[in-house]
Structures are given as structure tokens and as C-alpha cells.
Amino acid sequence: MLYLPLAFAAIGFGEASEGASKATSSPFATPTPAPVRINCGGPAYTDGLGQVWTADNSFVGGTTKSYSSTQVVSGTTDATLYQSERYAQTLTYQIALANGTYDVTLDFAEMYFNATGKRVFSVILEGQTVLQDLDIFALVSQFSALQRTFSVTVNDGVLNITGTASVNNAQLAAIEVTSKAPNQSPVVNAGADQTITLPGGATLNGSATDDGLPNPPGALTYGWSMLSGPGTVTFSNVNAASTTATFSAPGSYTLQLAASDSTLSSSDTLIIAANAPTPTPTPTPTPVAATPVFNPVGGSYITSSTGTKSVVISDATVGSSVRYTKDGSTPTAMMGTLISPASASSTPSASIQLPVATTTLKAIGLKTGSINSAVQSGVYTISPSPSPTPTPTPTPTPTPAATPVTFRIAISSDGNWHDRDDICATAMSIAELANTGNQTRLVHYDYADHYWITSASREEEMRISAVETAKVWGGFDLSVFYNSTQLRSLAVTHLAAEINKSSASNRLKILGLAPMQVIGLAVAQSDPARRQYVTLVSHSNWNDTHASVSGPGEGLTGTTYSYSKIGAMGVNLLHIIDQNAGLKNPYDQYYWLRDSPDPKLRWLWDRGQAAGKTTFDCSDAGETYFVLTGDQYCTPNKLKALLGVGP
């Protein structure tokens, strides 16, 4: 390409009157490999990261201007780069580069004018307008750094940058050109399978390799989790590739190590076979009576048809007796109602009836020649059984078509604090997806996302409703399930990556079944250009605003997100009617689950019981029903039809 100098001198307007240096031109240089960093209008400079910026070069015409070295420039730790500039009405840089694709970062700062409309210009890179009518002051005010980065392909050995002013002059403070390489997912190795003997733990030596992109951050984050196993796993450092794990019960555990470079993530698994410890004889010569067992355990229940709740008290020690109280007092060998075994070779057992009230039940095990057991205690809150609600003969509802949808689905749920309905609704949503053949359309599921205040026991209930239900119904990718309280960074990164896969032919619908905080964090981390292909569905005004309105009072710190704020970030919003009206019902409307011969349907009944509410509440599952059928008026009978249960 020929070098053609400008045919006119730059017209300075206001800036030229400030005693700037004479306009000059810099000839082409031999193509230089990226990175290229130019301090426009200034001398060579080494920034705070140790990166070297060359003195101004590769310009065609224009005028330089320097400002006080003590002038503070906000938005940067390298104010020196913004204390000089090159400006012109038509400002041109022609940088010799090898042909290829580059990231070009342009640095601006309005150091001269202190009002909007005083400097307006456009920027063209390689013949394409990338900035139209840029007014630096209008965007960041005076003495503030502004950066814009663009992907550019050079085909003729020269990167052409042209700034054309419509008001006053175009200006540049610095230019950075770096090679653009595609980011690759980390390659994760969770380590070899292991066999251990309890109570010993497992030493996990996971690792991952990566291409170092994106940079920043240029480093990986890690997270361990349990995919399956008979007990619980405790990691000494859940976010370290190499750590230790202990196990609560013997059996086979599948553990997953996930790694993220902040944009892409991947994972690997290993299996730990935890053998039971060799039994050690109890050194105490005197045996101890077993602690009595209550079935069911303490909790909230409704009465049976007799108007009471039956609780069975038993003890595993042969020939023992049990004494119990119902007034909260502690039973002794001489005080309390006695339950005796039928014979010396049997164990004691009796069924007692608890009335509608709150009762504190306590019991101890007794046997001659043995030490009395520990006191067993349980608090029972018994409520009347709800009267069956007469149901008019419904108008037959067509069974929804059980066909896969064409879009991807992501779900964000809580259940670890406030209302327990998610424990039931999560399992129901998984079943709806499975019975319509949409298991592979579920690309992300985070649960327990009320991460700023939580209950460990309810996190476990949510894991069972999500992960274990997915196993029961089958066909799901278990690696897309995340406990947001334990693995928030990985959950956010994974959802952001799914958002970034979205396009006009690969759309994503996010079901907001919880406060919008985790979804908002993922959207903020995503590519803004991809958000137009994402739709956020909600049915609950409480979910829409809880994180931003009540979150700070509960300990949530940092930026908070709401339904409307996510919409303002470029995501499409779709709000349907509140689903509580149709799906929060008396238990008898779901007896078709309880009485089904299909164990998968009875599993859903059990998850409704685990929620521990006085009604069967799967209201959030109405959103899942809506995205699968387009019908926002879900009822128990419509769920029954969707799950393939006859009239």
C-alpha cells in the first residue's frame, strides 16, 4: 500500500490555540507482530503491568498535545497514557501488521473540554464504522478514561484507523493491538479412581490445563461436588484442585471436578469406593440400651381419618422396655408410660396417637444389666386433615403434545430459605421435562440460589429434588446441575456460557423460579450481543424483586439484581400469571400420585411430603408447564395429563 500524506493541515479549533506541537506524519514501518502498543502524542512508557508502550508512531498528520503529569485521570491506574493525545479533524493511523485477526483497543479521554457537544467524531477500522458520533464527555465526563475494543481482520498488511470529527477534532490517547486467538475450554483431570477404608479420607489430586484465555483473569477456578453416593462428602477446600475429602457412610461415590476460565468450563469425574471400617469391640463391659426410635420423626403432620396422628415408638434392644412422656418432661426408669416387650426374646414396640396440638415426645430405653439409653426427643405439630374440596366435573382438557421444544431451557431455583415449595416444584419440573422428551433441552439447573442466607438441611432436600429426581426419571446430563450456595461462581459461569451460545436459531429460555440474583450475575458476565436471544420467564412478583429489595437486609452485598434490571440489560422478559392459584392445592387433589403403581409418580408424592407444607405446593412447576405447552393456566389435572396419567 502507498503512503499518501494528508493534503491539508489539521484544523485545531479550540485545541490548536493551546500551543500544541506541529502536525507531522509517521511513515509505514515493517510489519510488527502483535501486541502493538502506541502512546499517542507521547513518549515511550511502561505501564503498571510492565507492558511497554512505544512513542507515538504510524500516524498520518494530526497534532499532539500534552497535559499536566499531575492531572488525575479516573477509571485507570495508568494516567500517563491519557495525559498526551494526537488530534485532527481527520485523524489517521496506518499500522503495519501481518495479515490476521486482532483485538484493537482504542483509548480516549476528554482532557480539554468540560461540556457535552464540544467534541463529536466517528471512528472507522479497516473501512468499517465502529464508533458513530462519539462524545467522550457525554459518556464519562472530563478527565476520565474510556476504552473500546473491536475485533478487526487485516488483509493488506496495514491496520487503518481513521477518526473523522463532525464537531471540533477527533482524538486518540493510546492504541493497543493484540492477536485474537479462540478461547478453548479447560481440559480437566479429576485423578484416578480410589479405594479407601473409613473413617479415613481420600486425597484428591485433580488438575486442569488451559490456554490462558481470556486474560484477564488468565487463571482457572475450580469446584468439587458430589454427583452420587450413599452419604455426604466434606471437602477440606472445595475450590482447590488438590484437596481431601471425607465421607459420612460406606459405599461408592462419584465426585466431579469442574474448572472454569470465567467463560468456558468443563469437568471430569472419579469414583471413590469407601469401605466400611473394621468393627471395633466396645470396650465398655456394661451394654447400653438402644435409643428408642420414633416413626415418623418429629415434624409437622396432618391427622388421619381418626382425627389423630399415629407415632410408633420402638427400641432395637432385645428384652428392653421403653418409658415415654408426652408433656416434655424427661422420662426415667420409674417415670413415664411403660412399653414392655411381648417376651424376653422380643423388642418393645407400641403405636400412640397424638391429637391436634403441639406435643413434645420423649423416650428412653431400659434393660436390666444395661445402661439406660440416651433420651430420644421429637416435637410434633399436628394439624387437622384438610376437608376434601368438592371438584365440579371439569371440561375435558386436551392432553398437551408430548414433543421436544426447539429452544434450550435453563432453570434457577432456591428452596434453601423462605418458602419450601421449591422442594416439591423442582421434582415436578424435572418430571415434566422428562415425560415430554426434553431432557437434553435442559442445559442448566441451579438450585439453593438464596446463597446469602441458607439452611444446610434444605440444601440437601433441594439436591435430592433436583439431582436424584433426574436420576429417577433418567436421560438428564447431571453435570449441568449446580448448588448455587456451594458452587456459586461455577453456576454463574456455566449459565453465562449458555447465554453466550444463544443465537437466532439457538434461543434460550431461563425460568426464574427464585430471586433473580444468580441469573443477574450470569447475565452481567455474558456477551451483551447474545442477550437479545434470551428470554427470562417469571410468574412471581416476590421472586422479581426479593434480592434487590430484601437481600441487603438479609446480608446480601454487592450489586443486586431484579427482574426489571435484567430486562434493562437486554434480556427479553415474559411474565405469566402467578401459578400459586392453580397448583397450591389440598393434598387430595394429588392422590393420583400417591396411589399410582408407577414408582416415579410416587416419588413426586414423596417430594411433596418432604416439603412439609399443609398443602401440596408445586406452584413454580407451572412455569415449566407454560414453556412446554404455552398454557399459563396449569392445574393438577393438566399436570396429570402431561405426565401420562389416565382420568
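Now for a look at the structure at hand.

How each quantity is defined
- Residues numbered from 1 in each chain as written.
- Predicted model: local features only at pLDDT ≥ 70, side-chain atom pairs only at ≥ 80, totals over all residues.
- Heavy atoms only, no water.
- Disulfide = S-S within 2.5 Å.
- Buried < 20%, exposed > 50% of the residue type's maximum accessible area, 1.4 Å probe, protein only.
- Salt bridge = Lys/Arg side-chain N within 4 Å of Asp/Glu carboxyl O.
- Helix = DSSP H or I, 4+ residues; strand = E, 2+ residues; numbered from the N terminus.
- Pairing = 2+ DSSP bridges.
- Axes fitted to C-alpha atoms, helices over the stretch in contact; angles between N-to-C directions.
- 1 Å grid on protein atoms, 1.4 Å probe; cavity = no way out; pocket = protein on both sides within 12 Å on 5 of 7 lines; lining within 4 Å.
- Points joined across faces, edges and corners; volume = space filled by probe spheres on them.
- Nonpolar A, V, L, I, M, F, W, Y, C, P; charged D, E, K, R; others polar.
- Expected span 1.5 Å × (residues − 1).
- Bend = angle between axes of the 7 residues up to and from the residue.
- Contact = heavy atoms within 4.5 Å.

Details of the state of the cysteines
Then, number 1: Per the stated rule, a full pass over the model turns up zero disulfides.
Then, number 2: With no disulfide of its own, C424 has C618 as its nearest cysteine by sulfur position, at a separation of 4.9 Å.
Then, number 3: Look at C618 and you get buried, because its relative accessible area is 0%.

Examining the pattern of salt bridges
Then, number 1: Enumeration over the complete set of coordinates arrives at 13 salt bridges.
Then, number 2: As a salt-bridge pair, E468 and R463 come within 2.9 Å of each other at their nearest N and O atoms. Of the two residues, E468 and R463, both sit in the buried class.
Then, number 3: For K471, the salt bridge identified is with E468, shortest N-O distance 3.3 Å. Placement of the pair is K471 and E468 together in helix α4 (residues 456-473), with a separation of three residues, close to one helical turn.
Then, number 4: Residue K471 is classed as partly exposed on the basis of its relative accessible area, which comes to 32%.
Then, number 5: Exposure remark for E468: the relative accessible area of 18% places this residue in the buried category.
Then, number 6: One continuous salt-bridge network, built from bridges that share partners, spans E460, R463, E468 and K471.

Side note on the pairing of strand β3 (residues 52-55)
Then, number 1: When strand β1 (residues 36-39) meets β3, the two strands line up parallel, connected through two bridges. Opposite I38, over in β3, you have T54 as the bridge partner.
Then, number 2: Across two bridges, the pairing between strand β2 (residues 45-46) and β3 is antiparallel. Bridge assignment links T46 to a residue of β3, and that residue is V52.
Then, number 3: Taken together, β2 and the strand that follows it, β3, pair antiparallel across an intervening segment of five residues, in which G50 is found at a positive phi of about 85 degrees.

A word on the sheet that holds strand β5 (residues 63-66)
Then, number 1: One open sheet accounts for three strands, arranged β5-β6-β13; its pairing is antiparallel. Single-partner strands in this sheet number two, and they are β5 and β13 (170-172). In this sheet, neighbouring strand axes are inclined to one another by 30 degrees on average, regardless of whether the strands run parallel or antiparallel.
Then, number 2: In this sheet, strand β6 (residues 84-88) lies alongside β5 in antiparallel orientation, the contact comprising four bridges. Residue pairing in the sheet places T63 in a bridge with Y87 of β6.

As for empty space enclosed by the protein
Over the atoms, a rolled probe matching the size of one water molecule traces out where space is still vacant.
Then, number 1: The tally for this structure, following the rule as stated, stands at one cavity of 30 Å³ or more.
Then, number 2: In this structure, the largest cavity occupies an estimated 50 Å³ of space.
Then, number 3: What lines the largest cavity is simply L91, L106, F108, F121, V123, I161, T162, G163, A170, Q171 and L172.
Then, number 4: Of all the secondary structure elements, the ones that give two or more residues to the lining of the largest cavity are β8 (100-109), β9 (120-125), β12 (158-167) and β13.
Then, number 5: Residue classes in the lining of the largest cavity are distributed as eight nonpolar, three polar and no charged.

A look at α4
Note: α-helices contain 3.6 residues per turn, so residues at a spacing of three or four share the same orientation.
Then, number 1: Over its 18 residues, α4 extends 25 Å from the first C-alpha to the last, a length consistent with the 26 Å expected when each residue adds 1.5 Å.
Then, number 2: The largest bend along α4 reaches roughly 25 degrees and is located at I464.
Then, number 3: Each element contacted by the buried residues of α4 is listed here: β19 (221-228), β32 (408-413), α3 (421-435), β33 (442-447), β34 (481-483) and α12 (599-610).
Then, number 4: One or two positions beyond α4, positive phi appears at G474, with a value near 80 degrees.

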